[in-house]
Amino acid sequence: MIDYRSDTVTKPTKEMLDFMFKAPVGDDVFQEDPTVNELQQYVAAYFAKEDALFCSSGTQTNQIAINVHVKPGGEVICHEESHIYKYEGGGIAKNSGASVRLLPGNRGRLTLESIQKAVNADDIHFPVTQLISLEDTANRGGGAVYDFNEIIKISTFCKEKGLPLHLDGARLMNALAVNKVDPKVYAAEFDSISLCLSKGLGAPVGSLLLGTKQFIHKARRVRKVMGGGMRQAGIIAAGGLYAMKNNVDRLQLDHQRAVILGENLQQQTWVSEVFPVETNIVVFCLKKEKQKENVIQQFKDQGILVSSFGDGMIRLVVHLDITDEDIIQTSNVIQSILLN
Ligand SMILES: *Cc1c(COP(=O)(O)O)cnc(C)c1O
C-alpha cells in the first residue's frame, strides 16, 4: 500500500533505528537522560530559544503551552479549523478551563486585522483574552504557509498588548523550507513553539516545546501533572535527533512530489478544485460530493490510501516513505479513476 493518509505513518529507517539503539539513556524525570538533553539543547539552539522540552505528542506540547499561558476563564484566539481547537478532544476546555474565540481566515491562517477585532476590551462582561495561537503550516488549509510579514505584524501587536503568541508548528520545518526564513529569526516572533518530530521529519514518537527558561520550567511541571514525564526517553528522543540532523533538507523533495500529484489531479474532470500545493499536503474537492467514498475506495482497490477531509474533500500527504516510483504509480491510478 502507498499510504498518503498522513505524514505520521512513516517508519524509522535502519539508520535511525541503529542510532536509537545506541543512544545513551538515563532518567529524564531527573533530567538525567543525555540523549533527551542533547535533543532539547540541539533544537533550542537551532531556533535560538532558551530552552526546550521533549514531550510525547504535538497535542501534549500544544496543551501544555496553553496551560502555562492561560488561566481558567481566559480566552484563546485561534483559527476556527485549528488543530488545538478541532483535533485535541476539547483539551483547551478540559485541561485549562479556557474559552476559545474562533476566527475564519484564508486557508487556516489568521490576519492581524481579524485578531485585532477579536481581542476583548477590558470589560467585566468579556473573558480576558490571554493567548493568540497560529498554525504554520496550516493543516486544514492544505499545508498553507504564512506570509512571514503577517507573522511579524501579529507578533508586534501581541507584544504591544502583552499577549503571548503560540505557534502550533507541527509542520514548521515544512513551512521554513518554503518561506526560507532563518529558523532563529522566525522563532523570535513567538513566545512558545510546538514542533512535531513524528510528522514529515519521520521520527517514530515525540514533539518539542520551545520557549524561555522560565516558560519551560513551568511546562515541565505541567507535563508531569499530565502524566507525561518519561524515564529512559532517550531511546525515542534519539529518533528525533536523527530526524533533525538528517531529514530536514529533504523536505523539499516531498513538496516537489506533492506538486506533481496536485497538477495531475487538477486535470481530472471529476475534480473541481485543488488547493494550491505549497508543502507536502494535497487537498482536492470533488465535483460531486457524494462520490467521495467511491473515489477513496477506487484508490484503495489500486493500492493507495488517501483520507477523507470533510465535505467532498480528500487529502493526500507526501512523506519520506513515498518514492518517485510511488508518485508515478499514483499518477497512473489518478488517471484511471472512473466516475459517472
Ligand atoms: C499532527 C498535528 C499536531 C499534533 O498531533 P499529535 O498526533 O498529537 O502529535 C498538532 N497540530 C497540527 C497542525 C498537526 O497536524
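None of these values were measured; they are calculated from a predicted model.

**Topic: the layout of surface pockets**
Consideration 1: Estimated volume of the largest pocket: approximately 200 Å³.
Consideration 2: The wall of the largest pocket is formed by 16 residues, among which His83, Ala170, Arg171, Cys196 and Lys199 lie closest to the centre.
Consideration 3: No other element matches the 3 residues that helix H3 (residues 58–69) contributes to the lining of the largest pocket.
Consideration 4: Per-class residue counts for the lining of the largest pocket are 2 nonpolar, 9 polar and 5 charged.

**Section: the sheet that holds strand E9 (residues 271–274)**
Consideration 1: In space, the 4 strands of this open sheet follow the order E9-E10-E13-E12, with antiparallel pairing throughout. The strands lining the two open edges of the sheet, one partner per strand, are E9 and strand E12 (307–308).
Consideration 2: Alignment of E9 against strand E10 (residues 281–286), held across 3 bridges, turns out to be antiparallel. Residue pairing across strands places Val271 opposite Leu286, the latter belonging to E10.

**Overview of the side chain of Arg250**
Consideration 1: In this fold, Arg250 is placed in the loop between helix H11 (234–246) and helix H12 (251–266).
Consideration 2: Residue classification places Arg250 among the buried residues on the basis of a relative accessible area of 17%.
Consideration 3: A polar contact is formed between the side chain of Arg250 and the side chain of Asp254, at a distance of 2.7 Å.
Consideration 4: With near-sequence residues (within four places) excluded, Arg250 lies in contact with Gly200, Arg257, His319 and Leu320.

**Side note on the pattern of salt bridges**
Consideration 1: In the structure shown here, the tally under the stated rule is 15 salt bridges.
Consideration 2: Of the charged contacts, one joins Glu278 and Arg107 as a salt bridge, the two residues approaching to 3.0 Å between their closest N and O atoms. Remark: Arg107 occurs in the loop between strand E4 (99–103) and helix H6 (112–118) and Glu278 occurs in the loop between E9 and E10; sequence separation between them is 171 residues.
Consideration 3: Salt bridges linked by common partners bring Glu81, Lys86 and Arg140 together as one network.

**Observations concerning helix H14 (residues 324–336)**
Consideration 1: For H14, built from 13 residues, the straight-helix expectation of 18 Å at 1.5 Å per residue is met to within 8% by its first-to-last C-alpha distance of 19 Å.
Consideration 2: Within H14, the full set of buried residues consists of Asp326, Ile327, Thr330, Ser331, Val333 and Ile334. Buried residues of H14, seen end-on, are gathered within an arc of 165° and therefore sit on one face of the element. Counted as exposed and oriented over 90 degrees from the buried face of H14: Glu325 and Ile328.
Consideration 3: Considering only its buried residues, H14 is in contact with strand E1 (2–3), H12, helix H13 (292–301) and strand E11 (304–305).

**Side note on the side chain of Lys292**
Consideration 1: Tracing the sequence through the fold places Lys292 in helix H13.
Consideration 2: Despite its burial, Lys292 remains without a salt bridge, the nearest opposite charge being carried by Glu293 at 4.7 Å.

Analysis parameters
- Residues numbered from 1 in each chain as written.
- Predicted model: local features only at pLDDT ≥ 70, side-chain atom pairs only at ≥ 80, totals over all residues.
- Heavy atoms only, no water.
- 1 Å grid on protein atoms, 1.4 Å probe; cavity = no way out; pocket = protein on both sides within 12 Å on 5 of 7 lines; lining within 4 Å.
- Points joined across faces, edges and corners; volume = space filled by probe spheres on them.
- Helix = DSSP H or I, 4+ residues; strand = E, 2+ residues; numbered from the N terminus.
- Nonpolar A, V, L, I, M, F, W, Y, C, P; charged D, E, K, R; others polar.
- Pairing = 2+ DSSP bridges.
- Buried < 20%, exposed > 50% of the residue type's maximum accessible area, 1.4 Å probe, protein only.
- Polar contact = N/O pair within 3.5 Å; in protein donor to acceptor, adjacent residues only side chain to side chain.
- Contact = heavy atoms within 4.5 Å.
- Salt bridge = Lys/Arg side-chain N within 4 Å of Asp/Glu carboxyl O.
- Expected span 1.5 Å × (residues − 1).
- Arc of directions from axis to C-beta.
- Lys, Arg positive; Asp, Glu negative; His and termini not counted.

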